[in-house]
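Structural overview for review
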Amino acid sequence: MPGAPISRWTMSYFAVSLVCLLSGLAAMGSGFGFPSGDVGAPDTLVVVHLLAIGWLGLLFCGALLQFVPVLAAARPRFASVAAPALVMLVFGLSALLAGFLSLGGRAGFDLAIMPVGAALLVSAFIALAVSYAATILSRPEIDLSGKLVLVGLVSLLVTIALGATFTGVLSGMLSTEWSAELLLRGLPVHAFSGVAGWMSITAVGVSYRLFSMFMLAPESGFSTRRLIAGLVAALAMLWVSPFAALAYPGADVAVEWIAVALFAGALFVYLSDVFRMVRSRRRKTLELNTLAGVGSLVYLLAAVVMVAMHQLFPDTLAFGPAAIYALAMGWLSGLGLAQLYKIVPFVTWLEAYGPVMGRAAVPRVQDLVRESRGRSWFILYHAGVLLGVAGLLCGAELAFHLAAWVEFAAVAGLAVELFHARRLGYAPADIRLPKGAVRPHLLFANQI
Amino acid sequence: MGFEYKELDVRPLLQAGVEPFVEIMTAVDGLGPGQGLRLLAPFKPQPLFSVMERKGYLYELSELEGGDFEVRFFPKKPEVLASENADDADNWPDPMVELDLTDLDPPQPMVKILQALESMPEGTVLFAVLSREPVFLFPELVKRGHQWVGNFDKAGTAFRLMIRRGGAKP
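About the cut-offs
Residues numbered from 1 in each chain as written. Chains lettered and ligands numbered in written order. Predicted model: local features only at pLDDT ≥ 70, side-chain atom pairs only at ≥ 80, totals over all residues. Heavy atoms only, no water. Core = buried A, V, L, I, M, F, W, Y, C linked by side-chain atoms within 4.5 Å. Buried < 20%, exposed > 50% of the residue type's maximum accessible area, 1.4 Å probe, protein only. Pairing = 2+ DSSP bridges. Helix = DSSP H or I, 4+ residues; strand = E, 2+ residues; numbered from the N terminus. Axes fitted to C-alpha atoms, helices over the stretch in contact; angles between N-to-C directions. Phe/Tyr/Trp six-rings, centres within 6.5 Å; stacked < 30°, edge-to-face > 60°. Lys NZ or Arg CZ within 6 Å of the ring centre and 35° of its normal. Salt bridge = Lys/Arg side-chain N within 4 Å of Asp/Glu carboxyl O. Domains from an automatic or database assignment. Disulfide = S-S within 2.5 Å. Contact = heavy atoms within 4.5 Å. Buried area = accessible area lost by both parts, 1.4 Å probe. Polar contact = N/O pair within 3.5 Å; in protein donor to acceptor, adjacent residues only side chain to side chain. Nonpolar A, V, L, I, M, F, W, Y, C, P; charged D, E, K, R; others polar.

Quick look at the nonpolar core now. Grouped together as the largest cluster of nonpolar side chains are 163 residues, with contacts concentrated most on Trp55(A), Tyr270(A), Met329(A), Trp331(A), Leu337(A) and Ile113(B). In terms of nonpolar packing, the next biggest core, distinct from the first, is built from 16 residues, Val28(B), Ala41(B), Val71(B) and Phe73(B) among them.

Below, the discussion takes up the sheet that holds strand β4 (residues 69-75) of chain B. Residue and element names in this part refer to chain B. Spatially, the 4 strands line up as an open sheet ordered β1-β2-β4-β3, and their pairing is mixed. What marks the edges here is a single partner per strand, and that holds for β1 (4-9) and β3 (57-63). With direction set aside, neighbouring strand axes in the sheet form an average angle of 20°. As judged from the 6 bridges shared by β1 and strand β2 (residues 35-41), these two strands associate in the parallel manner. Residue pairing across strands places Tyr5 opposite Gly36, the latter belonging to β2.

This brings us to the packing of aromatic side chains. Evaluated as defined, the whole model comprises 16 aromatic pairs over all chains. The interplanar angle of 10° and the centroid separation of 3.8 Å between the aromatic rings of Phe49(B) and Tyr59(B) together place this pair among those described as stacked. Within this pair, whereas Phe49(B) is found in helix α3 (residues 46-54), its partner Tyr59(B) is found in strand β3, the two being separated by 10 residues in sequence. Overall, Tyr59(B) belongs to the partly exposed group, its relative accessible area being 37%. Both rings, one in Phe138(B) and one in Trp148(B), keep their centres 3.9 Å apart while their planes meet at 10°; by these two values the pair is stacked. Of this pair, Phe138(B) sits in helix α5 (residues 137-143) while Trp148(B) is found in strand β8 (residues 147-152), placing the two residues 10 residues apart along the sequence. With respect to class, Phe138(B) is no different from Trp148(B); both count as buried. A cation sits over an aromatic face here: Arg8(A) above Trp9(A), 5.1 Å from the ring centre. Against the face of Tyr5(B) rests Arg72(B), its NZ or CZ located 5.1 Å from the ring centre.

Moving on, we come to the pattern of salt bridges. Overall, the coordinates contain 22 salt bridges over all chains when judged by the stated rule. The salt bridge involving Asp43(A) is made with Arg106(A); its shortest N-O contact spans 2.5 Å. With a gap of 63 residues between them, Asp43(A) in helix α2 (residues 42-72) and Arg106(A) in the loop between α3 (82-103) and α4 (113-137) connect regions that are remote in the sequence. Exposure remark for Arg106(A): the relative accessible area of 51% places this residue in the exposed category. In this structure, Arg11(B) engages Asp9(B) in a salt bridge whose closest nitrogen and oxygen atoms are separated by 3.0 Å.

We now examine the domain arrangement of chain B. Per the domain assignment, the segments making up chain B are domain 1 (4-75) and domain 2 (81-164). Placing the centre of domain 1 of chain B and that of domain 2 of chain B at their C-alpha centroids yields a distance of 37 Å.

The next thing to look at is the state of the cysteines. All names here are of chain A. Counted under the stated rule, the structure contains 0 disulfides over all chains. In this model Cys61 remains outside any disulfide bridge; the closest cysteine sulfur is found in Cys20, 12 Å from its own. The buried category is assigned to Cys61, whose relative accessible area is 1%.

With that settled, consider the interface of chain B and chain A. With 32 residues of chain B at the contact, the number on the chain A side is 33 residues. The junction of chain B with chain A conceals about 2700 Å² of combined surface from both sides, 60% of it contributed by carbon and sulfur atoms. It is Asp105(B), Arg132(B) and Phe136(B) in chain B that bury the most area against chain A; as a group they hold 23% of the surface buried on that side. Inspection of the chain B/chain A interface yields 4 salt bridges. Between Arg359(A) and Glu118(B) there is a salt bridge, and its shortest N-O distance comes to 3.1 Å. Scanning the region where chain B abuts chain A turns up 9 residue pairs in polar contact (both at pLDDT 80 or more). Going through the elements one at a time, β5 (81-82), α4 (108-118) and α5 of chain B are the ones with two or more residues in the side of chain B that touches chain A. The residue makeup of the side of chain B that touches chain A, split by class, is 15 nonpolar, 5 polar and 12 charged.

Following this line, the structure appears as structure tokens:
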């Protein structure tokens, strides 16, 4: 049967992910981990994984649960994995973080808790990836968005395979002569596969569809082949770079350069596609979510420039950390928050009013939010991110901490707005719940 | 296969030393819907296959006597989607209501369609053009007892949807 149902557990994923984002920002604001501590210090690992798995990972997985069936216009395959996967992700992440805290002497768990957590995380991510891939592949023809999501899923598998191996090394359970080498060479690959591969490519894939959908821009004329070929080649370079170093010492730098150049080329193709969509759109005034989403692309561009600067001048300014921060907090989180601001009211509206649509007067989707408030929170959020990037570049720790609290306030404000949307709090009272409408639960969708 | 074929023999062109690509593309662009192209060539025109596939054509290849090839290019059938409860749409009456919803962003098309259906008598048909598949509308239509069939146009830029009003009024 063609058509997509409302995903039952997406809101649960979103709720947990927002809690993780707020916790991560509070930790950053309190001076926990980098830059007060070392980049690779256990405290930094706690913050990084709280944000990468807890916030972005859960956000993306939750969004894909809803989005992949829309993309494929098909019912989701293996949809029953969603709830158990969420439970495993929460327990797996908690175990991993407990392990990092113990590694840093802040807690006293046996370090074996790390690989145990990793096993839970790997199982959950694989289950979800299989479900998404099977749904996308159920259609005879796969569009650009679908292909990009598939490439992103492959990167996810590489990321978690490396991450799980590291937990073996860090806990001392996996100890060979090349353990130290593996950590050293594998860590950048792990980080970039996660941020640039899994999350950025997936986000790009999803954004093609969302941008064209909400800007009413034609979904044709994209440079599909060039984009996919560039990204696959870039990822391949990223993944062979450690082996290149083993074969020819020093060759990894050249391979990394090729990877950066290929990523930059793919980014150029993507940005020109987005630019064309913006120009040929039929909807002239853009909504807040589209504006904020397109705006977050600026960080993507800035991050690629900073990565290149880092390669050129590794010792001048903190380009590397600033690039990662711009990617994670500016591009991925900025786009993520912007789309949350659309998806939550949209899905809530659909669930609440779908059954009575056309039979009774119902609010419009935009009646479920107050865009003026949302706009203020987005401006505040991006002010925080800019301050954070500047703080990192100049080594101003206080500015970095302050930036985290500014972002915290903005995210908390947006979370309250989303709460109101779920509760239909802004809907005009006379048509809030016409007869036959369904009041949505806060944290999950009603079984239909 | 029920296609009407135009014929193009590129053998004389090649013999005269002329590159036939432009000629072939001109012929393809002149094809109407439901029309195919019969191409006669002295070799397998391998690079042409992917070009034609992107233009929405599949091919059948047969070798002629003397080593030449005949390629028949025919249009891909756009995939037709239908609700599981849909009977043969060829027997449906002409649409009573026609809506052009290509300039509305989601979820407006869904709202307009469900609104229009409410005021239509049972058994009548609504025709709508949208800029994409209304994936959330499909389950709602079936839940309300309506039948639907739909497909993308050849260029893939518009989704055409026919809905037959059901009788159920839950």
